[in-house]
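# Overview (structure and organization)
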Amino acid sequence: MIATVDDDACAGHGVCVALCPEVFTLTDDGYAQAVGTEVPAQFHEVVTEAAASCPERAIHLKEES
Ligand code: SF4
């Protein structure tokens, strides 16, 4: 699974960071970014929850084929 944050959509609420700080961080500008590229398997469920919980729908998930 690859998680990305749409910079234009993110409003910096930090919901994703609160749910899964292992994958999401806030930049100095106050917006989220996903760390690394591949989301470790143990975080798939919480990252999916973070994407569903993002008020701006700024988190996009891509399953690898
Ligand atoms: S929850 Fe969504 S809007 Fe809030 S910081 Fe994370 S990606 Fe940005």
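See the structure printed just above.
Residues numbered from 1 in each chain as written. Predicted model: local features only at pLDDT ≥ 70, side-chain atom pairs only at ≥ 80, totals over all residues. Heavy atoms only, no water.

## Let's talk about the site of the ligand
- In the vicinity of the ligand lie 13 residues, with Cys10, His13, Gly14, Cys16 and Cys54 positioned nearest.
- At a threshold of 2 Å from the grid points, most atoms of the ligand map onto the largest cavity.
- Considering only residue class, the shell around the ligand consists of nine nonpolar, three polar and one charged. (Near = heavy atom within 4 Å. 1 Å grid on protein atoms, 1.4 Å probe; cavity = no way out; pocket = protein on both sides within 12 Å on 5 of 7 lines; lining within 4 Å. Sits in = over half its atoms within 2 Å of the grid points. Nonpolar A, V, L, I, M, F, W, Y, C, P; charged D, E, K, R; others polar.)

## With respect to the nonpolar core
- Grouped together as the largest cluster of nonpolar side chains are 20 residues, with contacts concentrated most on Phe24, Val47 and Ile59.
- Breaking this core down by element, the ones donating at least two residues are β1 (2-5), α1 (15-19), β3 (32-34) and α2 (44-53).
- If you tally residues by element for this core, the top one is α2, at four residues. (Core = buried A, V, L, I, M, F, W, Y, C linked by side-chain atoms within 4.5 Å. Buried < 20%, exposed > 50% of the residue type's maximum accessible area, 1.4 Å probe, protein only. Helix = DSSP H or I, 4+ residues; strand = E, 2+ residues; numbered from the N terminus.)

## Concerning empty space enclosed by the protein
- Scanning the entire structure with this criterion turns up one cavity of 30 Å³ or more.
- Here the largest cavity is characterised by a volume of approximately 100 Å³.
- Along its surface, the largest cavity is lined by 14 residues, and Cys10, His13, Gly14, Cys16 and Cys54 are the ones closest to its centre.
- Grouping the amino acids of the lining of the largest cavity by side-chain chemistry returns 10 nonpolar, three polar and one charged. (Points joined across faces, edges and corners; volume = space filled by probe spheres on them.)

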